[in-house]
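Remarks on the overall topology
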There are 2 protein chains.
Amino acid sequence: MSHGAELFRELETASPGTTVQLPHLLENMKWNDLGLVPAIAQQHDSGEVLMMAWMNEATLHETLSTGRVCYWSRSRNRPWRKGESSGQQQRLIEMRLDCDGDTLLLLVDQQGAACHTGRRSCFYTRLTHEKGEVVDAPLVDPEILYGNSK
Amino acid sequence: MSHGAELFRELETASPGTTVQLPHLLENMKWNDLGLVPAIAQQHDSGEVLMMAWMNEATLHETLSTGRVCYWSRSRNRPWRKGESSGQQQRLIEMRLDCDGDTLLLLVDQQGAACHTGRRSCFYTRLTHEKGEVVDAPLVDPEILYGNSK
């Protein structure tokens, strides 16, 4: 069995249908110093990129087994079951790993707003060489989502 | 003028059309210890998420001014003008910043394969609770893209 970067080099030339057992793959992923990898959430049908957050091995496992997306919150230093305060949950449709084993793509079904501001997506500021401009409005008032708990 | 997280808190409740000068925005973004932020590249029309790489302030500026995507290569420790070896360039259509100023979304027009394996996207391994499975085949042989230079 191949280890670390070697495993991912082998997968580069592997044909569709080639499989690797999950524990072996997780062991060889490039987790950062905090044991995390970035996870991009994309709405599975519209293709909209909703947000980026982080997962460790435990929250990755939990997400795959429950089908409800669970990140690792770096600010709160604990698992973050998306929607636990706001009700705006993410159901996992499919999870993908990138070529060098250090980034996840989550195809999800997002209920309501992914962003804590009440916007559908976190990427609501457009940058040009002159300025940043807010281009999307909230779908819902975050006060309604979080009340006084925010 | 607001600084750091404060600026992004103000933008949370800003109406569409609100603008911030680019230098002020860049100054307040959350760059990591290496002065980088992750940048997600998405094909602008199909919505396909192609790859994730990193940008520093200089490569972000270069990308906005030239319209050709330039990342910061962490392995080579230098600017990486996407496609400089492979010819598979990315033209920038639009750049977005997320709500807390630490992640970019690039809407691009990708020529050919975004992935160094010759696949359209780097996210070609599907994870389930049992296994990882390669699910996409290369569009083009990477030997043709990189020859002996790889």
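Residues numbered from 1 in each chain as written. Chains lettered and ligands numbered in written order. Predicted model: local features only at pLDDT ≥ 70, side-chain atom pairs only at ≥ 80, totals over all residues. Heavy atoms only, no water.

Looking at the UniProt feature "binding site: Zn(2+)" (unreviewed entry) in chain A
So the rule is basically this: UniProt positions are given in the numbering used here, feature names are shortened, and annotations may be inferred rather than shown by experiment. A run of H or I in DSSP becomes a helix once it reaches four residues, and a run of E becomes a strand once it reaches two; helices and strands are each numbered from the N terminus. Residue exposure (1.4 Å probe, protein chains only): buried if accessible area is under 20% of the type maximum, exposed if over 50%, otherwise partly exposed. Two residues qualify as a contact provided that any one of their heavy atoms is within 4.5 Å of a heavy atom in the partner residue.
Mapped onto the present numbering, the UniProt feature "binding site: Zn(2+)" (unreviewed entry) falls at C99(A), C115(A) and C122(A). Considering the C-alpha atoms alone, the annotated residues occupy 24 residues of sequence and remain spread out, their largest mutual distance being 27.7 Å. Assignment of secondary structure puts C99(A) in the loop between β6 (90–97) and β7 (104–110). Judged by relative accessible area, C99(A) falls into the buried class, the value being 7%. Setting aside its immediate chain neighbours within four residues, C99(A) contacts F8(A), C115(B), H116(B), T117(B), C122(B) and Y124(B). Mapped onto the fold, C115(A) is located in the loop between β7 and β8 (125–127). Residue class for C115(A) comes out buried when judged on its relative accessible area of 0%. Beyond its immediate sequence surroundings of up to four residues, C115(A) is in contact with R120(A), S121(A), C122(A), Y124(A) and C99(B).

A closer look at the relation of the copies chain A and chain B
Using the following cut-off: Alignment of the copies relies on least squares applied to C-alpha atoms, considering only residues that score at least 70 for pLDDT in both.
Expressed as a screw operation, the relation of chain A to chain B combines 0.0 Å of axial shift with a rotation of 180°, fitting to an RMSD of 0.0 Å. Both copies of the chain, as the preceding transformation shows, are related through a two-fold rotation axis. In terms of proximity to the rotation axis, the leading residue of chain A is G47(A), whose C-alpha is 2.5 Å off the axis. Interface residue correspondence from chain A to chain B reaches 100%, placing this contact among same-surface, isologous pairings.

Details of the interface of chain A and chain B
As a reminder of what qualifies: Here's the idea: put two parts together, see how much 1.4 Å probe accessible area each one loses, and the total over both is what we call buried area. The working definition used for a salt bridge is a side-chain nitrogen of Lys or Arg within 4 Å of a carboxyl oxygen of Asp or Glu. In the analysis that follows, any N or O atom pair within 3.5 Å is treated as a polar contact, provided that within protein one partner can donate a hydrogen and the other can accept it, and provided that, for residues neighboring in sequence, both atoms belong to side chains. Note on residue categories: nonpolar means Ala, Val, Leu, Ile, Met, Phe, Trp, Tyr, Cys or Pro, charged means Asp, Glu, Lys or Arg, and polar means any other residue, Gly included.
Contacts between chain A and chain B engage 52 residues on the former and 52 residues on the latter. With both sides pooled, the region where chain A packs onto chain B buries about 4,600 Å², and carbon together with sulfur makes up 61% of that total. On the chain A side of the contact with chain B, E12(A), F123(A) and L127(A) bury the most area, a combined 15% of that side's loss. Remark: the boundary between chain A and chain B carries 6 salt bridges. Where chain A packs against chain B, one counts 26 residue pairs in polar contact (both at pLDDT 80 or more). Looking at side-chain class alone, the side of chain A that touches chain B contains 25 nonpolar, 14 polar and 13 charged residues.

Some points on the packing of aromatic side chains
All names here are of chain A. Heads up, the rule is: Ring pairs shown here join Phe, Tyr and Trp side chains whose ring centres sit within 6.5 Å, with only the six-membered ring taken for Trp; geometry is labelled stacked below 30 degrees between planes, edge-to-face above 60, and tilted in between. Two conditions define a charge sitting above a ring: the NZ of Lys or the CZ of Arg must be within 6 Å of the ring centre, and it must be within 35 degrees of the ring normal.
Evaluation of the coordinates by the stated rule reveals 2 aromatic pairs over all chains. When the centroid spacing of 5.3 Å and the interplanar angle of 45° are considered together, the rings of Y71 and W80 count as tilted. For W80, a relative accessible area of 21% gives the class partly exposed. The ring of Y124 has R119 sitting right over it, with the charged end atom 3.8 Å from the ring centre.

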